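Summary of the model geometry
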Amino acid sequence: MPEISIITPVYQAENFLKKCVDSILSQSFTDWELLLIDDGSTDKSREICRAYEKQDPRIRYHRKENGGVSSARNMGVELAEGNYLTFVDCDDYVEPDLLETLDTLVKKYDADLGVCRNFDYYEGKKKPVQDRPVEDFCTDTKEGLRQVFQARVFGVGPVSKLYRREIFKGVVYPEKTIAEDAYVIVPLMKNCKKIAFSTAQKYYYMHRKASLTTSQFRWSDMGSVEVWDHNADVIRKEYPELMENARARCSWARFFVLDKLMLLEHPGTEEKKLIRRLVRELKKDPAVVLFGDHFTKGRKAAYLFLFTGTGIYRRFIRQLYRKRNL
């Protein structure tokens, strides 16, 4: 039985899968298994996975019908044999000591969940470096939720985390929705007695260049609003002292959808209705946007533009998008 099971959903990954798997093969911590869950790829991903399976007995390849990343993660959790689980996405890669860092962290504090940080790596940009001194600490569920809800240092996503396998009991990733990570983070952390954090950055989260078309709004994007509204309901009942953080995430979700709508050249009638709805809802909670440190100065300034209409706000978002994709 391996100590750590690494779960990597694979879909149409022929252009970046090798870099991902090679970074796992280079790990200083060696007591692991890698589950490559092929979600029905039609490119050369299958051949690449098979080749790695033959190369290293710690690698297991499984193919399934296309069902989305959540179904692939759920399959990986079911098949995993390790005492701990972690996720690495097929288009990302990791530092050689990612597993060692997380394993040391959870063992140091006897924690149920260990969390470190990502590098946000934008395609075509300079490779990022560690941006602050490395320190670690351990806390309980409430403070752990505060940390990931704030999202200033630690993210809500499944990567850069090491989970004791028992905390997944009764928890599955919802299928056919976006923001699936946000659906499970609250129940997973509620299953923890102790959560350990390290400010070490060991995971490269790749932001690839995208066209205006691929970055535009889809109606499924509203799943982000729905999940954070759901989480806010849970927080209101069980951790009311975290409601300001939950409200900030609800506003963040609305900005996420609104910004995508701003990229549309010719929004239709229903999209225009949704724009008006999101702006109206954002205006209801100015305190959480404008005060405190939940949002950047740029976001606060853009928010104020919404009170004069969406024209200036739209120009601001499109300019920001172009800057990120230069």
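Residues numbered from 1 in each chain as written. Predicted model: local features only at pLDDT ≥ 70, side-chain atom pairs only at ≥ 80, totals over all residues. Heavy atoms only, no water.

**Some details on the packing of helix H6 (residues 180-190) against helix H8 (residues 222-238)**
The line we're drawing: As a rule, the C-alpha atoms of each element are fitted with a line to give its axis, helices using only the stretch in contact, and angles between N-to-C directions run from 0 to 180 degrees. Counting from the N terminus, the helices are the DSSP runs of H or I reaching at least four residues and the strands are the DSSP runs of E reaching at least two. Roughly parallel covers angles under 35 degrees, roughly antiparallel covers those over 145, roughly perpendicular covers 65 to 115, and oblique covers all other angles. Here, two residues are considered to be in contact whenever any of their heavy atoms come within 4.5 Å of each other. Each residue receives one of three labels: charged for Asp, Glu, Lys and Arg, nonpolar for Ala, Val, Leu, Ile, Met, Phe, Trp, Tyr, Cys and Pro, and polar for the others, Gly being one of them.
Close contact between H6 and H8 brings their axes to 8 Å; oriented N to C, the two are set at 25 degrees. As the angle between them shows, H6 and H8 are arranged roughly parallel. Contacts between H6 and H8 involve Ala 182, Tyr 183, Val 186 and Lys 190 from the former and Gly 223, Glu 226, Val 227, Trp 228, Asn 231, Val 234 and Glu 238 from the latter. Of the residues in the contact of H6 with H8, the class split is six nonpolar, two polar and three charged.

**Regarding the pairing of strand S1 (residues 4-10)**
As a reminder of what qualifies: Three exposure classes are used, based on accessible area relative to the maximum for each residue type with a 1.4 Å probe and protein chains only: buried under 20%, partly exposed in between, and exposed over 50%. At least two DSSP bridges between two strands are needed for those strands to be called paired.
In terms of burial, S1 is largely enclosed, as seven of its seven residues are buried. Covered by surrounding structure in S1 are Ile 4, Ile 6, Thr 8 and Val 10 together with Ser 5, Ile 7 and Pro 9, the residues of both alternating faces. Where S1 lies against strand S2 (residues 32-38), seven bridges are found, and the strand directions are parallel. Bridge pairing in S2 places Ser 5 opposite Glu 33.

**Points about the side chain of Lys 161**
Which entries qualify depends on this criterion: Charge counting treats Lys and Arg as positive and Asp and Glu as negative, with His and both chain ends excluded. Here, a salt bridge means any Lys or Arg side-chain nitrogen found within 4 Å of an Asp or Glu carboxyl oxygen. Polar contact is defined as a pair of N or O atoms within 3.5 Å, subject to the rule that within protein one atom must be able to donate a hydrogen and the other to accept it, and that residues adjacent in sequence are counted only when both atoms are side-chain atoms.
Following the sequence through the fold, Lys 161 ends up in strand S8 (residues 161-164). Lacking a salt bridge, the buried Lys 161 has Asp 181 as its closest oppositely charged neighbour, with an N-O distance of 8.1 Å. Only 2.7 Å separates the side chain of Lys 161 from the backbone oxygen of Gly 155, close enough to count as a polar contact. Setting aside anything within four residues of it in sequence, one finds Lys 161 in contact with Leu 85, Thr 86, Phe 87, Leu 102, Leu 113, Gly 114, Val 115, Gly 155, Val 156 and Ile 185.

**Comments concerning helix H10 (residues 269-283)**
Heads up, the rule is: A helix is expected to span 1.5 Å for every residue after the first. An arc is given here, and it is the one of the directions from the helix axis to the C-beta atoms.
Over its 15 residues, H10 runs 21 Å from end to end, which matches the ideal 21 Å to within 8%, given 1.5 Å per residue. Inspection of H10 places Glu 271, Leu 274, Ile 275, Leu 278, Val 279 and Leu 282 among the buried residues, and these make up the whole buried set. One side of H10 holds all its buried residues, which, seen down the axis, span an arc of 135 degrees. Facing away from the buried side of H10 by more than 90 degrees, the exposed set consists of Thr 269 and Arg 276. Considering only its buried residues, H10 is in contact with H8, helix H9 (243-262), helix H11 (286-290) and helix H12 (297-305).

**Brief notes about the side chain of Ser 70**
By the secondary structure assignment, Ser 70 is in helix H3 (residues 69-79). Owing to a relative accessible area of 4%, Ser 70 belongs among the buried residues under this scheme. Not counting residues within four places of it along the chain, the set of residues in contact with Ser 70 comprises Tyr 173, Pro 174, Glu 175 and Glu 180.

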